[in-house]
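Descriptive structure summary
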Amino acid sequence: MGAQRKSATRVSEDAEELARHPLQAILLADSFATKFRPITLERPKVLLPLVNVPMINYTLAWLESAGVEEVFVFCCAHSRQVIDYLENSEWHSQPNFAVTTIESHNSISAGDALRLMYERNVICGDFVLISGDTVSNMSLTQALQEHKDRRKKDNNAVMTMVIKRSKPSSITRQSRLGTDELFIAIDPQTKQLVYYEEKADQLKVIVSLDNSLLIDNPSISLHNDKQDCYIDICSPEVLSLFTDNFDYQHLRRHFVKGLLVDDIMGYKIFTHEIHSSYAARIDNYRSYDTISKDIIQRWTYPFVPDVKFFENCATRLEREGMYRASEIEQSRSSHIGPLTVIGKGTTIGNNSMILNSVIGKGCVIGSNVSVVGSYIWDNVTIEDGCELKHAIVCDGVIIKSGAVLEPGVVLSFKVVIGQQFVVPAYSKVSLLPQPTQQDSDEELEYADNSHGTVDSSNIGTVDKLNGDVTSELSETQHWPSSELGPGGVGHVWSICEGGHEEEWRHSVAPIPADKLAEAAQTVDDDLELLNLDAGALLPSGELKFDSNTNGSEDEDIEDSRDDSIYFEKEVEATFLRAVHENIKVDDIILEMNSLRLSYNMTSADCAGAIFYALMKLALETPHNSPGELQQNVAGLVNAWKKLMMFYAKEIDDQIEVILKFEEMCLESAKEFSLSFAQILHLLYGKDILEEDAILRWAEEKNDADESDKVYVKQSEKFIQWLKEASEEED
């Protein structure tokens, strides 16, 4: 497996040549995991499955592919689980890639972890600092070279942060990963970071910069369109800085911001922006959902379900982004929809429907079950007649017949939901009682009572990766059956005061349409109140006050292309979900508007992307002839006419639809090429395209090359008929 897998996953073959010492990495297996409660009380976050593969495997596989030769995995909470997993995995015996675990029960923060790494004296040169919940396929070669070149000129250049373009929603003020809007200021010439601020206050859109920042830096660009990938290339001085400053606990909030305001020592942080590569960290349930979908849609290639890498069970990729592992038993009357992964050994009963979901290994799904937008982990039993929407269901859960999980529900390990019981939206259910004291976001996740998690008498029950939690619970523990229905086992955790907004913002469930409408109205009111012009931000996400903030033209073009690709993928996923979940058009329009604002797209862009998604679905729907393909198109156009017409109101929007259709016929969907004229006529007959749009499109082709007139000529009779009809009206 070694040589074949290495050739498939090697992102960069020459990274190790950039350093005299073997490239090392520090991987923090503990993270600020309070947003993953109650799951992380029983299992470390890095061992949670991400598209049926433990998160840490994505991080380690990327580090190995990027040329890292030695990784130190620092673990504290559930350390035994992490150590046992790694020692019994392929990582333990991988040639030219050493994985060493370092265990500590006394470190309560990332700062403490790095101070301990300094004491161990194991880092001998520049190193990569990363957490075990990061997914990437980027090459480190260029970033490492930039870091080393800067170090030769300036010893104070101690860190390079990897960033990526990612515009926040102008409605929710959060990124597609569910993280707070990030404002950073960068010297456009040197790429030095001079300002870093996460805006937790969603309504406060004012950024205050110290006068000295503008005095010391003749040119800066202030961005709100960048994503922190939490991948850092560090010099050894970073560890000593943590040792010298015991108040540094949090990597960003304390260390990064501390260096930025320290004008005595003069240490500097720089940035490296990636464009076509992928890098993201799982910070909350929404980012778990987003990154899972990115993996399924292959943005993380080669780390995808159908490519074999460390200990993943390779699956077969089918149409519409559907993946199946081996030994699946599926009833012929059941339906598996697009963007779905089915794990090994799973059984699916009669008339059950699974859409946009990930199903783990060894699951038993009964008859007449509906699973939509959910993550079902291993060995889960879902009895007949259950309905699950946008939920997370952990290993060993039993959902009895007729039960319903409303959007945003999280069921922790081995919970039992009683018959016909409806679990309310955003509920979290665990075998463990809810802690009376929550860990701070400043602290690492822990499994002892000194950090506000569970009673110490239950530690043995939750610190076993595959142990039977229920069998080891205290005999005096009482499970009130009424709390989860007949036969139910577990505790429903209450949502703390003021926590409802946190739940819908960070859930795997789509943001409800009414919440989007409220947020949009609040933004409008806030802008009006503050007398702010929404155009104060340039399309690039940079403030107008700096005349020198524009990047290179090539980078702008590449960023725009990346945005368009991501936008079309997001629109396609949203449209497919609308089709399969029968979502109302008005609700989908709200979601589409949020995407349009997030990516700074026009109505024409929306019209083109929706048309592309519709036509792609028509093509992937079974058909045996061009006539049947046209029938597929007609059915979808009839069903989604209102949505198309909403975004194709203007002539320019309609021309964009025609151009998108031409592009599909020439490149990605040549099956439509013989039916271009007929489908163009269909769109005209359904009032999606006006005659002026079709005639203008044809006129614009007059001076084009013959190769660009193929579909104008094919539609010549229809165009001539439109011209004659127009002349008669005149």
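Preceding this section is the structure that the text describes.
This structure is a prediction, so every number in the text was calculated from the model and none was measured. (Residues numbered from 1 in each chain as written. Predicted model: local features only at pLDDT ≥ 70, side-chain atom pairs only at ≥ 80, totals over all residues. Heavy atoms only, no water.)

What follows covers the overall build of the chain. Within the chain one finds 23 helices and 35 strands. For the chain, with 730 residues in total, the buried portion stands at 57%. Contacts spanning at least 24 positions in sequence make up 63% of the contacts within the chain whose residues lie at least 6 apart. For the chain, the accessible area works out to roughly 30500 Å², and carbon and sulfur atoms hold 47% of it. (Helix = DSSP H or I, 4+ residues; strand = E, 2+ residues; numbered from the N terminus. Buried < 20%, exposed > 50% of the residue type's maximum accessible area, 1.4 Å probe, protein only. Contact = heavy atoms within 4.5 Å. Areas by Shrake-Rupley, 256 points an atom, 1.4 Å probe, with all protein chains shown as cover.)

A few words now on a negative patch on the surface. A grouping of Glu-650, Asp-687, Glu-690 and Asp-692 is seen on the molecular surface, where their side chains present a negatively charged patch. Structurally, Asp-687 can be placed in the loop between helix H20 (676–685) and helix H21 (691–700). (Patch = residues over 30% accessible without salt bridge, like charges linked within 9 Å, V, L, I, M, F, W, Y side chains within 5 Å. Salt bridge = Lys/Arg side-chain N within 4 Å of Asp/Glu carboxyl O. Lys, Arg positive; Asp, Glu negative; His and termini not counted. Charge placed at Lys NZ, Arg CZ, Asp CG, Glu CD.)

Another aspect to go through is the environment of Gln-192. Within the secondary structure, Gln-192 is located in the loop between strand E9 (181–186) and strand E10 (193–199). Here Gln-192 falls in the buried class, since its relative accessible area comes to 19%. In this structure the C-alpha to C-alpha distance between Gln-192 and Ile-269, which are 77 residues apart in sequence, comes to 6.0 Å. Those residues in contact with Gln-192 that sit more than four places away from it in its chain are Ala-185, Ile-186, Asp-187, Lys-268, Ile-269 and Phe-270.

With that settled, consider the nonpolar core. Ranked by internal contacts, the top residues of the largest apolar core, which has 126 residues, are Leu-63, Leu-140, Phe-672 and Trp-697. If one sorts the elements of this core by residue count, helix H16 (residues 603–620) sits on top with 12 residues. Phe-672 has contacts with Met-615, Leu-619, Leu-629, Val-633, Phe-661, Met-664, Cys-665 and Ile-679, leaving out every residue within four places of it along the chain. Core analysis: the second largest hydrophobic core is formed by 34 residues, Ile-102, Leu-239, Leu-241 and Tyr-248 among them. (Core = buried A, V, L, I, M, F, W, Y, C linked by side-chain atoms within 4.5 Å.)

Once that is clear, we can look at the pattern of salt bridges. With the rule as written, the count across this model stands at 30 salt bridges. Across the pair Asp-126 and Lys-148 runs a salt bridge, and its minimum N-O distance is 3.3 Å. In this pair, Asp-126 sits in the loop between helix H4 (110–120) and strand E6 (127–131) while Lys-148 sits in helix H5 (residues 141–153), placing the two residues 22 residues apart along the sequence. Each member of the pair Asp-126 and Lys-148 is classed as buried.

Another aspect to go through is the sheet that holds strand E34 (residues 428–430). The sheet built from 9 strands is open, its strands ordered E15-E16-E19-E22-E25-E28-E31-E34-E35 with mixed pairing. Lying at the two open borders of the sheet, with one neighbouring strand each, are strand E15 (316–318) and strand E35 (491–493). Pairing geometry for strand E19 (residues 340–342) and strand E22 (residues 358–359), over 2 bridges, is parallel. When the bridges of E22 are listed, Ile-342 appears paired with Ile-359. (Pairing = 2+ DSSP bridges.)

Here the focus is the pairing of strand E13 (residues 268–274). Burial analysis of E13 places 5 of its 7 residues in the buried class, which makes it a mostly covered element. By the bridge criterion, 7 bridges tie strand E8 (residues 157–165) to E13 in an arrangement that is parallel. Bridge assignment links Ile-163 to a residue of E13, and that residue is Glu-273.

Interpretation note: all reported values are geometric properties and have no functional meaning in isolation.
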